[in-house]
Amino acid sequence: MMSNIDTLIEGSRELGISLKAEEIEKFYKFKELLKEWNKKINLTAIEDDKEIDIKHFLDSLTLLKTDYIKDGYKIIDIGTGGGFPGIPLKIVREDIELVLMDSLQKRIKFLDLVINELELGNIKAIHGRAEDFGRDKEYREKFDIAVSRAVASLNILFEYCLPFVKVGGLFIAMKGPDVDAELKESERAIRLLGGKVLDVIKIKLPLSDITHTLIIIEKINETLTKYPRKAGKPKKNPL
Ligand SMILES: C[S@@+](CC[C@H](N)C(=O)[O-])C[C@H]1O[C@@H](n2cnc3c(N)ncnc32)[C@H](O)[C@@H]1O
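Residues numbered from 1 in each chain as written. Predicted model: local features only at pLDDT ≥ 70, side-chain atom pairs only at ≥ 80, totals over all residues. Heavy atoms only, no water.

- Per an unreviewed UniProt entry, the protein chain goes by Ribosomal RNA small subunit methyltransferase G and derives from Caloranaerobacter azorensis DSM 13643.
- Per its UniProt entry, the protein chain bears the Function (unreviewed entry) comment "Specifically methylates the N7 position of a guanine in 16S rRNA."
- Of the protein chain, the UniProt comment under Subcellular location (unreviewed entry) reads exactly: "Cytoplasm". (UniProt positions renumbered as here; feature names shortened; annotations may be inferred.)

The structure is reproduced here in structure tokens:
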């Protein structure tokens with residue numbers, strides 16, 4: 001059986017990424033912190049080493065299978081939880097400027113510790129709801145790319161995420177294998193928020209038979225000031 005580190009190395013190679021020794025060390029440290037803190041606060045249901053590698057680390061890195069993430073881009077990870085996909089992305093892409101956002105304070109506290117221990121630069125973790133930050137002028141339409149994994153269904157997620165993206169920028173939703181129905185139901189939301197579907201990419205997770213989907217939305221118009229609506233409203237009454 002492959003050892004822990006082999007899964008990560010082999011799997012990232014399958015994604016076209018060749019990890020440096022110090023990056024592997026950071027993944028390893030991150031995993032130890034994740035497992036340790038998961039005993040105290042709920043961060044992930046996945047606890048097996050190999051599964052963490054595949055379903056958290058490598059899944060996050062599938063973003064780099066696309067060439068949408070350009071050098072020095074300013075990126076926000078909305079509803080990052082235990083740091084996915086943001087932390088793995090930052091470990092291998094020092095060049096990007098990253099904001100991690102989550103509405104649970106305990107998870108932000110954990111991420112501050114991870115950022116510190118892994119000595120990651122040009123990154124911060126902020127506590128709050130997407131609906132509130134999306135109306136804050138320091139964050140609204142300030143990002144080249146917004147990303148989000150496992151946070152809400154698409155019609156809700158677009159209202160959470162598109163307000164952060166600059167016109168000309170992208171929102172990348174990381175989803176499971178079947179997205180057709182969800183995407184169809186969110187056509188109106190995409191349009192109302194100033195977006196347009198640019199690409200739908202199916203990616204097989206390395207060393208597994210799981211297929212995931214990256215939905216790439218281009219921001220073609222400014223988002224109307226009435227969006228996002230008040231905290232809780234997008235989920236209660238999706239567009
Ligand atoms: C199921 S977890 C997914 C975490 C991570 N993205 C992952 O894929 O492992 C969803 C996260 O989104 C956060 N969240 C849910 N609604 C939110 C909102 N309106 N604004 C900010 N964060 C939110 C939750 O606190 C939770 O940490």
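## Focus: the nonpolar core
Point 1. By size, the foremost hydrophobic cluster in this structure holds 50 residues, and its most contacted members are Ile87 and Phe110.
Point 2. If one sorts the elements of this core by residue count, helix H2 (residues 21–38) sits on top with six residues.
Point 3. Membership of the second largest hydrophobic core comes to 31 residues, among which are Ile78, Leu193, Ile215 and Leu239. (Core = buried A, V, L, I, M, F, W, Y, C linked by side-chain atoms within 4.5 Å. Buried < 20%, exposed > 50% of the residue type's maximum accessible area, 1.4 Å probe, protein only. Helix = DSSP H or I, 4+ residues; strand = E, 2+ residues; numbered from the N terminus.)

## Thoughts on the sheet that holds strand E5 (residues 165–175)
In a beta sheet, neighbouring strands are held together by backbone hydrogen bonds and run either parallel or antiparallel to one another.
Point 1. In space, the seven strands of this open sheet follow the order E3-E2-E1-E4-E5-E7-E6, with mixed pairing throughout. Whereas interior strands pair on both sides, the edge strands pair on one side only; in this sheet they are strand E3 (123–127) and strand E6 (195–204). Within this sheet the neighbouring strands show an average axis-to-axis angle of 20°, counted without direction.
Point 2. Across five bridges, strand E2 (residues 97–102) lies against E3 in parallel orientation. From the neighbouring strand, Leu100 faces E3, where its bridge partner is Ala125.
Point 3. Lying on the sheet, helix H3 (residues 49–61) is in contact with strand E4 (143–149), E5 and strand E7 (211–219); it crosses E4 at an angle near 155°.
Point 4. Where helix H5 (residues 105–117) meets the sheet, its contacts fall on E2 and E3, and the angle it forms with E3 comes to roughly 165°. (Pairing = 2+ DSSP bridges. Axes fitted to C-alpha atoms, helices over the stretch in contact; angles between N-to-C directions. Contact = heavy atoms within 4.5 Å.)

## Things to note about the site of the ligand
Point 1. Around the ligand, 15 residues are found, and the nearest of them are Gly79, Phe84, Asp102, Arg107 and Arg149.
Point 2. Measuring from an oxygen atom of the ligand, one finds a side-chain N or O atom of Arg107 at 2.7 Å.
Point 3. Within the side chain of Arg149, a nitrogen or oxygen atom sits 2.5 Å from an oxygen atom of the ligand.
Point 4. Relative to its unbound accessible area of 600 Å², the ligand is 79% covered by the protein chains. (Near = heavy atom within 4 Å. Polar contact = N/O pair within 3.5 Å; in protein donor to acceptor, adjacent residues only side chain to side chain. Areas by Shrake-Rupley, 256 points an atom, 1.4 Å probe, with all protein chains shown as cover.)

## Brief notes about the environment of Lys184
Point 1. Within the secondary structure layout, Lys184 lies in helix H8 (residues 180–185).
Point 2. Assessed through its relative accessible area of 57%, Lys184 is described here as exposed.
Point 3. Considered as a pair, Lys184 and Asn155 are 29 residues apart in the sequence and their alpha carbons are 9.5 Å apart.

## Points about H5
Three- or four-residue spacings in an α-helix give side chains the same orientation, since the helix completes a turn every 3.6 residues.
Point 1. An ideal rise of 1.5 Å per residue puts 18 Å on 13 residues; H5 measures up with 19 Å between its terminal C-alpha atoms.
Point 2. Buried within H5 we find Arg107, Ile108, Phe110, Leu111, Val114 and Ile115. Each buried residue of H5 lies within a common arc of 160° when the element is viewed along its axis, so the set occupies one face. Those residues of H5 that are exposed and aimed more than 90 degrees away from the buried face are Lys106, Lys109 and Asn116.
Point 3. The secondary structure elements touched by the buried residues of H5 are H2, helix H4 (86–92), E2 and E3.
Point 4. One or two positions beyond H5, positive phi appears at Glu119, with a value near 50°. (Expected span 1.5 Å × (residues − 1). Arc of directions from axis to C-beta.)

## Section: H2
Point 1. Over its 18 residues, H2 runs 26 Å from end to end, which matches the ideal 26 Å to within 8%, given 1.5 Å per residue.
Point 2. Of all the positions in H2, only Glu23, Ile24, Lys26, Phe27, Phe30, Lys31, Leu33, Leu34, Trp37 and Asn38 are classed as buried.

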